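Next come the chains, spelled out residue by residue.
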Amino acid sequence: DMQDGDKPPFRAILKYKKGPQVLKISNIGPYEFPLMAAVHVPTNERAEKLRKMTEDLFEKSPKEFVQGGPGGSTKGGAIRTFPIPNNVKSAQMIVWSKEVSGKGSKALIEVLQGPNNPKQVLDFSVAGGSQPYHCVFATPGEGVTIRFTSKQFLEFPTRIVVLPYEYEEVTTSDTLWM
């Protein structure tokens, strides 16, 4: 079970425009379940390497087009699911609207284990299409699916890439990444 936050840590790479920025990290759960967070600001050289790596990965990977919905953030839009093979220990997702709308992205991302059983939930908003959102989810166990629910308006679609980040080598074809 992935209810223990030490088992499925969440990692993300955020790119900001120049100038003052704000990052809000909050926990809406009860105080008995505290949130531990750390933020690291890389050197300019490391930030440039991360930017290039993210952009290259996005450009070379197959993308899923995700449309918004008629009600925007109140009713939600398109839902995409990505079943994760059992040999994948963690999966990465890049969300970017630069190619299609240039607007920011709003979505609900859930890591499910079993039908409608969320183990990790991320409600996020990224302003502007010039910055990608790149995150890594731990996906231990069997039957893991990543569900992406767009909270954008219909006019502001986005593209997403989901790929393995860490995986175990296997010899059978039924557990390979599709």
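What you are looking at is a predicted structure, and each value in this text was computed from that prediction instead of being measured. (Residues numbered from 1 in each chain as written. Predicted model: local features only at pLDDT ≥ 70, side-chain atom pairs only at ≥ 80, totals over all residues. Heavy atoms only, no water.)

(A) Structural view of the overall build of the protein. The helix and strand inventory of the protein stands at 1 helix and 9 strands. Element order for the protein, N to C, with α for helix and β for strand: β-α-β-β-β-β-β-β-β-β. Taken across its 178 residues, the protein has 36% of its residues classed as buried. The long-range share in the protein, meaning contacts at least 24 apart out of those at least 6 apart in sequence, stands at 78%. Entry remark: accessible area of the protein is about 11,200 Å², with carbon and sulfur atoms responsible for 55%. (Helix = DSSP H or I, 4+ residues; strand = E, 2+ residues; numbered from the N terminus. Buried < 20%, exposed > 50% of the residue type's maximum accessible area, 1.4 Å probe, protein only. Contact = heavy atoms within 4.5 Å. Areas by Shrake-Rupley, 256 points an atom, 1.4 Å probe, with all protein chains shown as cover.)

(B) Region of the structure containing the environment of Ile-25. As for its placement among the helices and strands, Ile-25 is situated in the loop between strand S1 (10-14) and helix H1 (44-60). Sequence separation between Ile-25 and Ala-38 is 13 residues; the distance between their C-alpha atoms is 9.7 Å. If near-sequence neighbours (up to four positions away) are discounted, Ile-25 is found in contact with Leu-35, Ala-37 and Val-39.

(C) The packing of aromatic side chains, seen in detail. Per the counting criterion, the structure on display carries 2 aromatic pairs. Judged by centre distance (4.6 Å) and plane angle (15°), the rings of Phe-124 and Tyr-133 are stacked. The same class applies to Phe-124 and to Tyr-133, which are both buried. The ring of Phe-58 has Lys-63 lying over it, and the distance from NZ or CZ to the ring centre is 5.0 Å. (Phe/Tyr/Trp six-rings, centres within 6.5 Å; stacked < 30°, edge-to-face > 60°. Lys NZ or Arg CZ within 6 Å of the ring centre and 35° of its normal.)

(D) Quick peek at H1. With 17 residues, H1 extends 24 Å from end C-alpha to end C-alpha; this agrees with the ideal 24 Å at 1.5 Å per step. Where H1 is concerned, the buried positions are Leu-50, Thr-54 and Phe-58. Buried positions in H1, seen along its axis, are confined to an arc of 65° and lie on one side of it. Exposed and facing more than 90 degrees away from the buried side of H1 are Glu-45, Lys-49 and Lys-60. (Expected span 1.5 Å × (residues − 1). Arc of directions from axis to C-beta.)

(E) Structural detail: the pattern of salt bridges. Considering all chains together, one arrives at 6 salt bridges under this definition. The partner of Lys-52 in a salt bridge is Asp-56, and the shortest N-O contact between them spans 3.1 Å. With Lys-52 and Asp-56 both in helix H1, this residue pair falls 4 residues apart, about one helical turn. The exposure class assigned to Lys-52 is partly exposed, which follows from its relative accessible area of 46%. Measuring nitrogen to oxygen at the nearest pair gives 2.8 Å for the salt bridge that ties Arg-147 to Glu-110. Residue Arg-147 is located in strand S8 (residues 144-150), and its partner Glu-110 is located in strand S5 (residues 105-113); the two are separated by 37 residues in the primary sequence. Given the relative accessible area of 17%, Arg-147 is considered buried. One network of salt bridges, in which partners are shared, links Glu-48, Arg-51 and Glu-55. (Salt bridge = Lys/Arg side-chain N within 4 Å of Asp/Glu carboxyl O.)

(F) Examining unusual backbone geometry more closely. Its identity is not glycine, yet Asn-116 carries a phi of approximately 50°, on the positive side. Inspection of the secondary structure puts Asn-116 in the loop between S5 and strand S6 (118-126). A relative accessible area of 58% places Asn-116 in the exposed class.

(G) Structural detail: the confidence of the model for the protein. Scored by pLDDT, the protein has a mean of 79; 79% of the residues are at 70 or more. Ranking the elements of the protein by mean pLDDT puts S1 last, at 70, and strand S3 (residues 79-84) first, at 92. (pLDDT = per-residue confidence, 0-100.)

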